[in-house]
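# Coordinate analysis (summary)
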Amino acid sequence: MKEKKGKLQNNKQINGLRRNKLSFRIAFITVISSLFSIVAIETVYANMKGLIRNYGHIVDVDYTISEYMNEVMIDIYEHQAVVFHHIAEQKKEKKTELKENAKRVEDGLKTTMKDYEAIVRSTEYETGYHELFSLMSAYLHNVDNVMDLSGAGATQTAHYTMTTKLEPIVSEMNTHIVNMDSAIHKDIENLKTSMRESADLMRIISRVLMFLMILATVFNVSYCLRISDEMVSRDLLTGVANFDQLIRVGEKMKRRKKNRLTNYAGLAISIKDFKFINQEYGSVIGDIVLKNYAATLNGYLQRGEVIARNGGDNFIALVEKDRAEAFFNQISKVPVDVGEKMGLTLTSRCGIYQINEDDSIYDVINACLIAVGETRRSGANDYVWFRQERRDEMIRQKDILSGYHKAIEEEEFIIYYQPKVNLKTRTLCGCEALVRWIRNGELVPPNSFIPVLENDGKVQELDFYVFDKVCRDIGDWQRRGIQPVRVSSNFSKLHLHNKQFVDDVLAVVNKHGADPYYLEAELTESSGYEDLDAMKYFVSEMREAGIHTSMDDFGTGYSSLSLLRDIDMDVIKLDRTFLRDENDAKEERMVENIVRMIHDLDRKVICEGVETEEQVEFLKRVGCTMAQGFLFDRPLSREEFEKRLINPYY
C-alpha cells in the first residue's frame, strides 16, 4: 500500500511539474510580449514629449521674442518720427498734440518692453533684453531733452541733439535687435534639426520595437496554437491521438491522389478485464496503467501509422496492412509498470479490418469495432478479422430496433394463437399466444426480431403488448358468449428483475376484466437459473391471483430436476428435442420416466413441435396427453382461432 501511495505521489509530482512548466512558458512569453509593448510605448512617449517641448519653446519663446523685438523697433521708429515732426512743427498747438502722441507711443513702448521682460525672464535671452532696455532708457532720457529744446523754440539745437545723440542710440538698438533676431532664428533652426533627428530616431526605435513585439506575438500565438492543437487532437489522459484526430488523419489519407488509406488495416484494441484493475487498485492506478499501455502501443508504431484512444480502455489504430497481425502479436501481452515494485501484464483483444478502396474512415472504425465485438462473444481468439456477414447482421438489428417503436405505436405486431390439443379426445384444450410482425406488408419471422429485442431489453414492452391483446381477446370472447380456452403468454426472464412485475401483470388483467382462469404466464427454464427467488415469488403470486404458470423449454438446461422441485409451476412444456427419435426404446423409457415424475409432482405436461402421427403415438405411450404442433394447427389469426373455439375438434 505504501508503494502505491509513493507511486501516486510521484505521478502527481510529475503531472504538477508538467503543468508548471507549461504555465511558465506561456507566462514567460506573455511577459516578454508585454515588456516589448511597454518599452515601445514609453519610447514613443519620451520622444513625443521631447518634440512637444522643443516645439513649444519655438512657438512660445523664440517666435514671441522675435515679435516683441520687432514691435520695440517699430515703436522706436514711430517715436523718432513723432520727435522729428515736433522739431519741424512751428505751431504751438500742433507741438502740444505731437508731444501727446510721443507720450502715447512711449507708453506703448514701455508696455511692450515689460511684456518682453516677462517672456525672456530666466532664459538665455534675458541678458540681451537688459542691454536693449539700457539703450531704450538712454534713448528716452535724451528724448525728453530734445522735446524740451524743441518746445522752447531751439529748433537747431534740438535737431543737433537728435542727430548726434538719439540717432546713434537708435542705430545701436537696431543692430542689437538684428543680432538677437539672428541668434533666435539660429536657435530655432537648431531646435528644428533636433526635432527632425529625434523624429527619425523615434521612427527607427519604434520600428525595431514593433518588429520585436510582432516577433514575440507571432511566437506566442504559434506556441499557443501548437498547445491548443495538441489539446484538440490529443487524448488528455494518455497523450495519444483522440477520436477526432483519427478521423482527420483517415480523411486526409483518403483525399490523397493515391488513396493511402488502402495501404493500412484498421485495428480496434481493448484491454481484457480492465474493469478488474479499476476495482482492485482504484481509478488512479487505472489511469496510470492506461497511460503506460498507450505509450507502449505508440512505441510499436512505424512512420505514417497512428493510434487513437476511443474512450475507456479502447484504442483504434491504423497500421500497415502487411504487419497487422504482427503488430497485434507485439501488443497481445504488454508488461506495464505501475510502481517501483508493482507491475501488471495486460492482455488485449483486437478486431482487424482490411481497408477497401471505397471505405471511409468511419466504415473502417465501425468494421474494427464489429470485429473486436466478435472476440468478446466467441471467447476463443484474442483477435478476429472482420466478417461482412456480421456487419450485415448488425445493420439488420439496428433496422429492427429503429422500427420497433413505430411498430408498437401503429400496432404492426399481430397476435396469433397456436392451439394445444388433448391427445386422448383430439379436442382443443388451450393455446399459446405468439407474435408476428407485419412490416411494410411482409411477415417478419419471430426468430428475426425476438432475439434482437431480447438483447436490447425492448422485449419486455413487447411481452406486455402481447399480454394486453390476449386479455382483451379473452374478455371480448367472454362478453360475446364464446367459450375461451387457457391462453399461455410468454414473458422474458428480464421481467424478473422488475420488482413491479406482478403488479404490472395484474393491472393488465384488471384493465380488460379477463378471467384469470384462462390465463397462463409462460417463462423459460433458464429464467430460474438467473434469479430463482424472483421466479419462485412470481409463480407464487400468480397462483394466488388464480393465474396459471408454465415452464417452457424444459430439458434444455442443466438443473431441470431441481427447478421442478423448487418451483411450483402448473404446466411443464417438454422441448421438441424429446421427439428426436420416437422409435428408440431408451429414449422412450427416459421420456416416460420424466413425464411420470412430472405427474407425480401434480403438474401437467405438454410437448411442443409435434408434426407426425408417429410422434402422437409416442407421446401417448409415455403418458403425455397434451401437445401442440403443425400436425394439428399452425399459429392462427384471431379470426381463424375464433372458428377453432367454436369447433374445437381435430
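Our subject is the structure that appears above.
Residues numbered from 1 in each chain as written. Predicted model: local features only at pLDDT ≥ 70, side-chain atom pairs only at ≥ 80, totals over all residues. Heavy atoms only, no water.

It is worth spelling out the overall build of the protein chain at this point. Along its length, the protein chain carries 19 helices and 15 strands. Per-residue burial for the protein chain yields a buried fraction of 44% across its 650 residues. Sequence separation of at least 24 residues holds for 71% of the intrachain contacts in the protein chain that already meet a minimum separation of 6. For the protein chain, the computed accessible surface area is about 35200 Å², with 52% contributed by carbon and sulfur atoms. (Helix = DSSP H or I, 4+ residues; strand = E, 2+ residues; numbered from the N terminus. Buried < 20%, exposed > 50% of the residue type's maximum accessible area, 1.4 Å probe, protein only. Contact = heavy atoms within 4.5 Å. Areas by Shrake-Rupley, 256 points an atom, 1.4 Å probe, with all protein chains shown as cover.)

On to the packing of helix H12 (residues 459–479) against helix H13 (residues 501–512), then. Direction vectors running N to C along H12 and H13 enclose 30°, while the axes themselves pass 8 Å from each other. Between H12 and H13, the angle falls in the class roughly parallel. Between H12 and H13 lies a crossing of right-handed hand. Contact residues: Phe464, Phe467, Asp468, Cys471, Arg472, Gly475 and Arg479 in H12; Phe501, Asp504, Val505, Val508, Val509, Lys511 and His512 in H13. Classifying every residue of the contact of H12 with H13 gives seven nonpolar, two polar and five charged. (Axes fitted to C-alpha atoms, helices over the stretch in contact; angles between N-to-C directions. Parallel < 35°, antiparallel > 145°, perpendicular 65-115°, else oblique. Left-handed = near helix turned anticlockwise from the far one by under 90°. Nonpolar A, V, L, I, M, F, W, Y, C, P; charged D, E, K, R; others polar.)

Where strand S8 (residues 427–439) and strand S10 (residues 487–490) come together, three bridges link them in parallel fashion. In the sheet register, glutamate 432 faces S10, and the bridge partner there is serine 488. In this structure, S10 lies alongside strand S11 (residues 519–524), joined through four bridges in parallel fashion. Its bridge partner being in S11, serine 488 is matched across the sheet by glutamate 520. The parallel pair S10 and S11 is bridged by H13, and the resulting crossover is right-handed. (Pairing = 2+ DSSP bridges. Right-handed = clockwise from strand over helix to strand, strands pointing away.)

With 26 residues, helix H3 (residues 126–151) should reach 38 Å at 1.5 Å per residue; the first-to-last C-alpha distance of 37 Å fits that figure. Immediately beyond the C-terminal end of H3, within one or two residues, lies glycine 153, with a positive phi of roughly 95°. (Expected span 1.5 Å × (residues − 1).)

Attention now goes to the environment of glycine 609. Considering the arrangement of structural elements, one finds glycine 609 in the loop between strand S14 (604–608) and helix H18 (613–622). Residue classification places glycine 609 among the buried positions, given a relative accessible area of 13%. It is 8.6 Å that separates the C-alpha atoms of glycine 609 and leucine 631, two residues lying 22 residues apart in sequence. Setting aside its immediate chain neighbours within four residues, glycine 609 contacts Arg576, Leu579, Gln615, Gln628 and Gly629.

Mapping threonine 375 onto the fold places it in helix H9 (residues 361–378). Within the structure, the side chain of threonine 375 is placed 2.5 Å from the backbone oxygen of valine 372, a separation counted as a polar contact. For threonine 375, the contacting residues outside a window of four places in its chain are Arg349, Cys350, Asn381, Asp382, Tyr383 and Val384. (Polar contact = N/O pair within 3.5 Å; in protein donor to acceptor, adjacent residues only side chain to side chain.)

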